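Results of the structural survey
For reference, the chains in residue letters:
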Amino acid sequence: MLLFGAVGALTLFRFVLQPDFENLLIHLGLLAISTVILPFFHELLHITGLIFVGVRSFYLRSSVKWCYVYVSSEEKISGMQYTLTSLFPFPIMTIALFILTPIFPDLLFLFAT
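Notes on the structure follow.

Analysis parameters
Position labels on residues start from 1 in each chain and follow its written sequence. Side-chain atom pairs in this predicted model are given and counted only at pLDDT of 80 or more, local residue features only at pLDDT of at least 70, and totals for whole chains, interfaces and linings cover all residues. As a rule here, side-chain values cover all heavy atoms of the structure and leave hydrogens and water aside. Between the N-to-C directions of two axes lies an angle of 0 to 180 degrees, each axis being a line fitted to C-alpha atoms and, for a helix, fitted only over the stretch in contact. Going along the chain from the N terminus, every DSSP run of H or I of four or more residues is numbered as a helix, and every run of E of two or more is numbered as a strand. To sort the angles, those under 35 degrees are grouped as roughly parallel, those over 145 as roughly antiparallel, those from 65 to 115 as roughly perpendicular, and the leftovers as oblique. Any pair of residues with heavy atoms lying within 4.5 Å of one another is described as a contacting pair. Any residue that is not Ala, Val, Leu, Ile, Met, Phe, Trp, Tyr, Cys, Pro, Asp, Glu, Lys or Arg is counted as polar, Gly included; the first ten are nonpolar and the last four charged. Like-charged residues are merged into a patch within 9 Å and nonpolar side chains (Val, Leu, Ile, Met, Phe, Trp, Tyr) within 5 Å, provided each residue has over 30% relative accessible area and no salt bridge. With residues, only the protein chains shown are counted as cover, and all accessible areas are computed by Shrake-Rupley using a 1.4 Å probe. The term salt bridge refers to a side-chain nitrogen of Lys or Arg lying within 4 Å of a carboxyl oxygen of Asp or Glu. Three exposure classes are used, based on accessible area relative to the maximum for each residue type with a 1.4 Å probe and protein chains only: buried under 20%, partly exposed in between, and exposed over 50%.

Here's the deal with the packing of helix α3 (residues 79-87) against helix α4 (residues 89-103)
One can describe the packing of α3 onto α4 by two numbers: an axis separation of 5 Å at closest approach and a directional angle of 25°. As summarised for this structure, α3 and α4 are arranged roughly parallel, according to the angle between their axes. In this structure, α3 uses T85, S86 and L87 to contact α4, whose residues at the interface are P89, F90 and P91. Residues that form the contact of α3 with α4 fall into these classes: four nonpolar, two polar and no charged.

Notes on a nonpolar patch on the surface
Together, V36, I37, F40, L44 and L60 make up an exposed nonpolar region whose accessible area comes to about 410 Å². In terms of residue count, the dominant contributor to the nonpolar patch is helix α2 (residues 24-52) (four residues). Within the element layout of this structure, V36 appears in helix α2. Owing to a relative accessible area of 45%, V36 belongs among the partly exposed residues under this scheme.

As structure tokens, then:
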């Protein structure tokens, strides 16, 4: 979650350094994406990992007040299943990065962190 907040702060910091009011909505959209949409997408990838290892009972919890989102399971999983579930978003988001960077080269600074 800290990474997503850092990306949002970086987006805001870039706008403060180079005020570009023509693209204000783009900067606000990037801030919203990095602080709201990406964490939920990340947790949905963890849910996909849980389903992949065979867990059927899980739940997604979040708090806007405390700014967190997490996925938990009521079933006990082994160490290897836990590792696979926890690392599942990494290759998916890395592949997405390599696909989206040539398409949107102006957004490369988002992935510099």
